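# Coordinates in review
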Amino acid sequence: MDSRYTSTAGIGDLNQLSAAIPATRVEVSVSCRNLLDRDTFSKSDPICVLYVQGVGNKEWREDFLGQVFCTLGEIVGSQGSRLEKPIVGIPGKKCGTIILTAEELNCCRDAVLMQFCANKLDKKDFFGKSDPFLVFYRSNEDGSFTICHKTEVVKNTLNPVWQAFKISVRALCNGDYDRTIKVEVYDWDRDGSHDFIGEFTTSYRELSRGQSQFNVYEVVNPKKKGKKKKYSNSGTVTLLSFLVETEVSFLDYIKGGTQINFTVAIDFTASNGNPAQPTSLHYMNPYQLNAYGMALKAVGEIVQDYDSDKMFPALGFGAKLPPDGRISHEFALNGNPQNPYCDGIEGVMEAYYRSLKSVQLYGPTNFAPVINHVARYASSVKDGSQYFVLLIVTDGVISDMAQTKESIVNASKLPMSIIIVGVGPAEFDAMVELDGDDVRVSSRGKYAERDIVQFVPFRDYIDRSGNHVLSMARLAKDVLAEIPEQFLSYMRARGIKPSPAPPPYTPPTHVLQTQI
């Protein structure tokens, strides 16, 4: 059985921390042959899991068909950037072959929205008509083809109209307008052995003519054509619409003047331990940073680069405050609720240590008040000129899960994101649930409009002593991993385009005058 997958990988990710490293983006395509059949009444439904070696990776458990180890360099360095290796891992069994191809990605940022229909396709089902779908392939530099899109199945018709779909020009043809695009038409079967109806080829340049006589394609089955003299085609496929959009990036908005506003919120609850004891995550060690201090400094130095004025509102939650001992879930670390701003991450650190000396760690651990605090500001600026990011540093023990979920669902409509950094050794199951990567956060039957939470367990990035960050670059990457897409999902949903970037600065020219 055959299977194909496509993913992208970066060689030496280029970011603000490693701008000196030469970098290129490479797309790796994966296909397999003769895999083991694990299903009784149909073929296997394989999934290819790519593991990148690193610290603190989570294990995945799948129906195991075998494994292959290689480096990106092996793939790129093979003839035609095509590496073929035997799949191993099950003793005494031939597990098949994996084929990996790599191609440097073009920097084209256009995407295209297309819609197709078909007419008079061949009937393939005995008791009904066909259940057709389209498969699009991009041709590779070595003449092979890689799947880049599959349409949905339209049931029981020979004249289907498929839904419009959006695909990047890079995925469709890697920015080469004359590169061959092959389209295959299939009749869907429940057991996975889909019936081939026919195929045709085109190119981006041809498709870009839009709906016209040039974009009506005969679907041809080569086997039928070879056997039947009177065979003309197995139907036609027509392009109904073709619309090009330029994909805008996170940086386009930043260059256009969108301001990123960070707010820091720190967990001051008793579950962190007595600050006077060395076992406490808030331990006031005179010689080195405690767990919260380390996380604040490391993550704060990453995020502050994106905040234009470097003035951070810094809040605490879950403590008893002087002088009357009232419990607060939203207090200013600098003691000034009217102006809770701290100057840079150093200012936040100073305010944090001052607060530790004056407040009493208590509880419960409520996230909702600080989320709602930032949401109030975000709700007043929805025009795309500002975006708000709340950084919560916590030991992960949460008391108001239901209220927090409701706050996240409400905040998902606003220009804001939440980064949760977990410190200490606790299980972070509740934080993973709030992250919403696997299951979108919901409250009382209402789902979050978009994913706005990113959770990072800080312990995965420090050494065994707990005193040193192993890789600031990797921490930076994971802390900020989801912010650009979360930011873009808000802007796209509201139809907000980036403002034009100001012209580049040119220094004034001074005319030298000489006196005669």
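Heads up: the structure comes first, above all this text.
Residues numbered from 1 in each chain as written. Predicted model: local features only at pLDDT ≥ 70, side-chain atom pairs only at ≥ 80, totals over all residues. Heavy atoms only, no water.

Another aspect to go through is the nonpolar core. In terms of nonpolar packing, the biggest core is built from 52 residues, with F268, F458 and L475 touching the most fellow members. For this core, the element with the most residues is helix α6 (residues 291-303), which contributes 8 residues. When residues no more than four places from it in sequence are discounted, the contact partners of L475 are A298, V299, I302, V456, F458, Y461 and V469. One finds F136, V169, I197 and L207 within the second-largest nonpolar core, a separate group that totals 32 residues. (Core = buried A, V, L, I, M, F, W, Y, C linked by side-chain atoms within 4.5 Å. Buried < 20%, exposed > 50% of the residue type's maximum accessible area, 1.4 Å probe, protein only. Helix = DSSP H or I, 4+ residues; strand = E, 2+ residues; numbered from the N terminus. Contact = heavy atoms within 4.5 Å.)

We now examine the packing of aromatic side chains. Within this structure, the stated rule accounts for 16 aromatic pairs. Ring centres 5.6 Å apart and planes at 75 degrees place the aromatic pair F317 and F367 in the edge-to-face group. With F317 in strand β14 (residues 311-317) and F367 in the loop between β19 (360-361) and α8 (368-378), the pair connects residues that are 50 residues apart, well separated along the chain. The pair formed by F317 and F367 is uniform in burial state, with each residue classed as buried. Among the aromatic side chains, those forming a connected cluster through ring pairs are F250, Y253, Y387 and F487. Taking NZ or CZ as reference, R209 lies 4.2 Å from the ring centre of F214, over its face. (Phe/Tyr/Trp six-rings, centres within 6.5 Å; stacked < 30°, edge-to-face > 60°. Lys NZ or Arg CZ within 6 Å of the ring centre and 35° of its normal.)

Turning next to the sheet that holds strand β16 (residues 326-328). Reading across from one edge, β16-β15-β19 is the order of the 3 strands in this open sheet, with antiparallel pairing throughout. What marks the edges here is a single partner per strand, and that holds for β16 and β19. In the sheet, strand β15 (residues 319-321) pairs with β16 via 3 bridges, with the strands oriented antiparallel. Note that in β16 the partner of K320 across the bridge is I327. (Pairing = 2+ DSSP bridges.)

All right, on to the pattern of salt bridges then. Counted according to the given criterion, the structure contains 16 salt bridges. Of the charged contacts, one joins K85 and E74 as a salt bridge, the two residues approaching to 3.7 Å between their closest N and O atoms. Of this pair, K85 sits in strand β3 (residues 82-86) while E74 sits in helix α1 (residues 72-77), and the two are 11 residues apart along the sequence. A relative accessible area of 34% places E74 in the partly exposed class. For K405, the salt bridge is made with E433, and the minimal N-O distance between the two is 2.5 Å. Of this pair, K405 sits in helix α9 (residues 401-411) while E433 is found in helix α10 (residues 429-435), placing the two residues 28 residues apart along the sequence. Overall, E433 belongs to the partly exposed group, its relative accessible area being 41%. (Salt bridge = Lys/Arg side-chain N within 4 Å of Asp/Glu carboxyl O.)

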